[in-house]
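Listed below are the residues making up each chain.
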Amino acid sequence: MIRYLIHRPIAVLLSFFSLILAGLFLAGRVPVSLLPEMEVPKIIVKVHYPGNSAGFIEQRAGSIIREGLVSVKGLSNLESCSSDGYAVIELSFEFGTKMAEAYMEVNEKIDRLLPNLPSGMPRPDVIRVNPTDIPVVRIQVTPVREADFKEVSDLSEKVIKGRLARLPGVATVDINGSISGFVAVEVHEQALNALKLQRKDIEQAIKDAVPAIGELRVTEGQYSYFVRLGQPSTGSEDISRLPVKVGNGGVIRLEDVATIKTELATDEGYHLYNGNRSVVLTVQKQPDAKMNELIRSIKGLMEDCTKEYPKARFALSRDQSYLIEAGISNLYQDVIIGGMFTIAILFLFLGNFIPPFLMAINIPISLAITFIFFHLFDISFNIISLSGLALGVGMLIDNSIVVIDSISRKRSAAINIMDAAVEGTNTVVVPVTSQVLTTVAVYAPLILMDGMASKLIFDQSLALTISLGVSLAVAFILTPLLYRLLSVVEKKQRKNDTFVFSWIAQGYHRMIDRVLKKKRLYMIVTMAFMPIGFILVRFIPVRTLPRIEETKGLATFDWNGPVGVNENLKRIKTILQLIKQQTMLTESDIGISKYGSQPENGNVQYASIYFECRSENEKMAVNEMIAQWMKANHPKSFFATEDAPNGFTQVFASSVPYFEVRIRSGDHNIGEGNVAGFVRRLKALGFIPGKGLLEEKKLVAALDYEKMAVYGVDVETVEHALSTLYGHYAIPGTTAGPMAEAIHLTGDQKVLSSTVRGNSGTIYPIREFFNFRYEVDSKFITADRNGRYVSLQYDRVTDAASMKHKLESLASRSKIQIDFNGQFVESSSRIWSMVKIFCIVLFLLYIILAYEYEDLLQPLIVMMTIPLGVSGALLLLYVSGASLDVMALIGLIVVLGLIVDDPILKVETLNSLRSKYMAQGARFDEQLLKKIIYEAGDICLKPLLMVSLTTSVALIPVFFVRGIGNDLQKPLALVIIGGLTIGTFFTTWFVPLSYWYLIKIRKFKK
């Protein structure tokens, strides 16, 4: 087959040229996105019921919804948190669950539960978490003059939002910080009392005068018409002239008993951009949209809006396209810089220009053809797939290295160029194919991993596997053809070895001499090194994701007290002024936000500040300034600073604490009894209270139903008065069209001096029917599928296991029911999952090698090099101070596939040489065994050095080229370099030494 292809150079070259052109063309059609397309197995249910306490929402809504949803198919976990005014219920599902069906089932169950929920509570929102829900950019709309904010708010809500939604590739547009207006009807209590009217009479008069009528169907004979009834104007002047009936049959105007004016809605939340009040619009993209093209469209629209609307300023923030741009930039840099280093290594070992040239062009050719399969398999360019390509840059030429070296050796043996190309390629087809299969065998079982890690690995492993498969085809088909063509052009045969390689080869021969003289010593040293990595892993810090250099931060605040939204705004502005010099950009959400896709919309005591700095050191300084100001001014408030989440960390990072103990008790008052003592013991051990243990002081007003019955005052009358007096009360059915303003009854908020009318017509002060007291109550109520709990968290990683046993004993003595949660518990199951996958990988490797060698023991020689690679990888990881995270684990898996490449080739070469000399009639004795070991070392040394060094050197740009893509790759690169340098150093003598002992043992048995 190889000879046939070499004899048809035009057909082969044109075929590859066509494939390269197709790949470059299709690369422009591959979708560009931040993350791979995936289903996040999570659904969030949001409950909004403003004006109600956490206890009321938990009892009347949270617990009912939990019980109704606990039977949803595929549900793995359920967590809920109730607070004043809202509750959030998070549903986690088993991976593989069809989320579209789960979403429909959750909505159906919510609809069935509606009759059991409070009648005045809005339907809970059901949100399906999806990577595309992460906003790709935020548009800040700020008025030029503060007095124009209402106009700019209307512009954002009614114009800009719609124009953004119509852009190709936009899925949804969310908004926050806008303000709405309404017609305020402020009734006069004395006038009402004099005319013996009540507030509900005024409400009914407005509803009768402003009916919510849409379209009517009118039939006349065989014709049918739709008639739209025009709504009367609902401006303040028109409302003031509305008729109101009084008890004696007369009619008065509404303005006689009320003041009517247009007002802005009461602010429950603010959005600030660089300290100025603004409106923010967030944009989510469609799954198949190209992020870079969408961002360009949005920027173009903002330029148009700047020209068309001079009263507003437009700016973009939190542009997530920088992540994918950084990934593409890192790939280019890794290809160019890593490729240059790789070519330099090749010229360092090869004295002929042909091999380095052929190996170098393998990289761009393989990448171009790989893009065809990206299009066919519907793989997008994203951070994960690009990192797989970047990782494969050094591995793309491994196959060509072995093929070209084999051809060069045949050529050096005075074989003509045609036969050298054919025989050299055929000689290494089996070992090179086995090397690729072992790499694939290592990656294939990774899709069995639990959780998002499998999603993280899938695109990367698929991209790497495709590129390696393409490079294998290039090595077997194109490389021997080009070698032959270029050798014909070359006038004289040049030497294949450089001075550097000759010097290394001499050192290798001296080392093998010493190894064979002191076989037992070197075997003991090698065996002693094997478990080093498994010992060091206990001392390497564990993280979910690699540490990424970040200049953006997020500070969150909960003032933990009865703080109004305006006081909240004042405090945040003080902090913004404090950090102004150290930040380039700030963005703040204060109080209750209006984001529809956000799981928690906060409360009036909540605030957050997003800030961007010039450097990571400045970001750390800002964190310290905020911490010191909070400690000095509001020591009892809660605050936290962290790296600002981006599209990548929001999906893969976990907010679950490392170790959490949950306490369950039928009596949820933890202030006394065994639970309180148990909590105190845990705090003394260093545990931090969770949300369920946070408390706040509240003013409780309880209705005196007995007194109301005595004086003939209905509960409905009091509740209606309260709903009006506390702020604004929207009259149902009075919005005249989608763009109109609603009509609100307003109160003077002097609740204690207001009055209500009894059934007999007598007027009473409303304060007479209330009992007021202060109570300390839970700020949050936490629960899971097993019911309510309070929790404490422990962040000392080293002694979590011993602490678990101690707590179990302590809870047993205290007769308290506890259970455990957190990353520590999850990691235990994850470790077993990794152990199972590791066993599958070893089994597949053994099967492939046993097929190749037709031997049951020789595969063990190859597989025993795996601990050497793992130990070398973990040793470098430990010495460099890096963490053991998801990317480092992927690197370990890669090492499993790469560390066995040289042993596979060397054992195959040893077997071939042994068969060759035995076929020539040589007597197989110790001298012949030494001879084939030396000869196999000579044959395999150059491919070994070039494969290990080119793969390692190609990763060097990761350490000095900045960008999130390379930050993610650093632990992976450290692991691969450590495994392929330190581990390979040991394999150079371990494989021949093990082969020696295996042959000697078999000979002894015979």
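Under an unreviewed UniProt entry, the chain has the name Acriflavin resistance protein and belongs to Niastella populi.

### So, the overall build of the chain
The number of helices and strands found in the chain is 33 helices and 31 strands. Here the chain, with 1006 residues, has 52% of them falling under the buried criterion. Within the chain, counting contacts between residues at least 6 apart in sequence, those at least 24 apart form 81% of the total. Total accessible area computed for the chain in this model is approximately 46700 Å², and 57% of it derives from carbon and sulfur atoms.

### Looking at the nonpolar core
Core analysis: the biggest nonpolar cluster contains 134 residues, and M359, L877, L929, I932, I976 and W989 have the highest contact counts within it. Dropping the residues within four chain positions of it, L929 is found in contact with F924, Y995, W996 and I999.

### Side note on the packing of aromatic side chains
The final tally for this structure, using the stated rule, is 14 aromatic pairs. Ring centres 6.3 Å apart and planes at 55 degrees place the aromatic pair F659 and F687 in the tilted group. With a gap of 28 residues between them, F659 in strand β21 (residues 659-664) and F687 in the loop between α22 (673-684) and β22 (688-689) connect regions that are remote in the sequence. Of the two residues, F659 and F687, both sit in the buried class. With a centroid separation of 6.4 Å and 80 degrees between ring planes, the pair formed by F659 and Y794 is classed as edge-to-face. With F659 in strand β21 and Y794 in strand β30 (residues 787-794), this pair connects stretches of sequence that are 135 residues apart. Ring-pair connections join several aromatic residues into one group, and the members of that group are Y522, F529, F985, F986 and W989. The ring of F780 has K691 lying over it, and the distance from NZ or CZ to the ring centre is 5.0 Å. The side chain of K942 reaches across the aromatic face of F501, ending 4.9 Å from its centre.

### Points about the packing of helix α14 (residues 417-443) against helix α29 (residues 886-898)
Contact geometry of α14 with α29 gives a least axis separation of 8 Å together with a crossing angle of 150 degrees. With respect to their mutual orientation, α14 and α29 come out roughly antiparallel. The handedness of the crossing between α14 and α29 comes out as right-handed. Across from T438, T439, V442 and Y443 in α14, the residues of α29 making contact are I890, I893, V894, L896 and G897. Its residues placed into classes, the contact of α14 with α29 shows 6 nonpolar, 3 polar and no charged.

### Topic: the sheet that holds strand β6 (residues 170-176)
With antiparallel pairing, 4 strands are arranged side by side in an open sheet as β6-β15-β5-β16. Strands at the two margins of the open sheet, each flanked by one partner only, are β6 and β16 (312-317). In this sheet, neighbouring strand axes are inclined to one another by 20 degrees on average, regardless of whether the strands run parallel or antiparallel. Where β6 and strand β15 (residues 279-285) come together, 6 bridges link them in antiparallel fashion.

### Some words on unusual backbone geometry
A positive phi angle, near 55 degrees, is found at N274, a position not held by glycine. On the secondary structure map, N274 appears in the loop between β13 (269-273) and β14 (276-277). A positive phi angle, near 50 degrees, is found at R318, a position not held by glycine. Structurally, the position occupied by R318 is in the loop between β16 and α10 (321-349).

### Regarding the pairing of β30
Buried residues dominate β30, accounting for 6 of its 8 residues. Taken together, the 5 bridges between β21 and β30 define a ladder with antiparallel strand orientation. What sits directly across from F659, in β30, is Y794. As paired strands, β22 and β30 are joined by 2 bridges and run antiparallel to one another. By the bridge assignment for β30, I688 is matched with Q793. Where strand β29 (residues 781-784) lies against β30, 3 bridges are found, and the strand directions are antiparallel. Paired with D784 across the strands is G787, a residue of β30. Hairpin connection between β29 and β30: a loop of 2 residues separates the two successive antiparallel strands.

### Quick word on the side chain of D902
Following the sequence through the fold, D902 ends up in helix α30 (residues 901-919). The class for D902 is buried, based on a relative accessible area of 9%.

### Some remarks on the environment of V432
Note on placement: V432 falls in helix α14. Counting along the chain gives 43 residues from V432 to A475, while the straight-line C-alpha distance between them is 9.7 Å.

### Looking at helix α17 (residues 519-529)
Among all positions of α17, only K519, Y522, M523, T526 and F529 are buried. Burial along α17 is one-sided: seen end-on, the buried residues are contained in an arc of 125 degrees. Residues of α17 that are exposed and angled more than 90 degrees away from the buried face: R520 and I524.

### A closer look at the sheet that holds β13
Taken in spatial order, the 6 strands of this open sheet run β14-β13-β18-β19-β17-β20, and their pairing is antiparallel. Both edges of this open sheet fall to β14 and β20 (638-643), since each of them pairs with a single strand only. Direction of pairing for β13 relative to β14: antiparallel, over a ladder of 2 bridges. Its bridge partner lying in β14, Y273 is registered against N276.

### Concerning the pattern of salt bridges
Between side chains of opposite charge, a pair can form as their charged atoms come close. In total, this model carries 25 salt bridges according to the counting rule given. Note that R614 and E618 form a salt bridge whose closest N and O atoms lie 3.4 Å from each other. Residue E618 is classed as partly exposed on the basis of its relative accessible area, which comes to 24%. What you see here is one network of salt bridges that share partners, running through E79, E660, R662, R664, D784 and D819.

### Some words on the side chain of D148
Mapped onto the fold, D148 is located in the loop between β5 (137-143) and α5 (149-165). There is a polar contact of 2.9 Å between the side chain of D148 and the side chain of R145. Residues contacting D148, with those up to four places away along its chain left out, are P143 and K311.

### Quick notes on the environment of G533
Along the chain, G533 turns up in helix α18 (residues 532-536). Residues G533 and S871, 338 residues apart in the sequence, show an inter-C-alpha distance of 3.7 Å.

### Quick word on the pairing of strand β1 (residues 42-48)
Along β1, 5 of the 7 residues are buried, which leaves the element largely enclosed by surrounding structure. The pairing of β1 with strand β4 (residues 125-128) spans 4 bridges and is antiparallel. By the bridge assignment, K46 is partnered in β4 with D125.

### Brief notes about α5
Between its first and last C-alpha, α5 extends 22 Å over 17 residues, near the 24 Å set by a 1.5 Å rise per residue. Of all the bends in α5, the greatest measures close to 40 degrees and is centred on S156. All buried positions along α5 are accounted for by F149, V152, S153, L155, S156, I160 and L164. Tucked inside the fold, the buried residues of α5 contact β5, β6, β14, β15, α9 (291-308) and β16.

Definitions and limits used
Residues numbered from 1 in each chain as written. Predicted model: local features only at pLDDT ≥ 70, side-chain atom pairs only at ≥ 80, totals over all residues. Heavy atoms only, no water. Helix = DSSP H or I, 4+ residues; strand = E, 2+ residues; numbered from the N terminus. Buried < 20%, exposed > 50% of the residue type's maximum accessible area, 1.4 Å probe, protein only. Contact = heavy atoms within 4.5 Å. Areas by Shrake-Rupley, 256 points an atom, 1.4 Å probe, with all protein chains shown as cover. Core = buried A, V, L, I, M, F, W, Y, C linked by side-chain atoms within 4.5 Å. Phe/Tyr/Trp six-rings, centres within 6.5 Å; stacked < 30°, edge-to-face > 60°. Lys NZ or Arg CZ within 6 Å of the ring centre and 35° of its normal. Axes fitted to C-alpha atoms, helices over the stretch in contact; angles between N-to-C directions. Parallel < 35°, antiparallel > 145°, perpendicular 65-115°, else oblique. Left-handed = near helix turned anticlockwise from the far one by under 90°. Nonpolar A, V, L, I, M, F, W, Y, C, P; charged D, E, K, R; others polar. Pairing = 2+ DSSP bridges. Arc of directions from axis to C-beta. Salt bridge = Lys/Arg side-chain N within 4 Å of Asp/Glu carboxyl O. Polar contact = N/O pair within 3.5 Å; in protein donor to acceptor, adjacent residues only side chain to side chain. Expected span 1.5 Å × (residues − 1). Bend = angle between axes of the 7 residues up to and from the residue.

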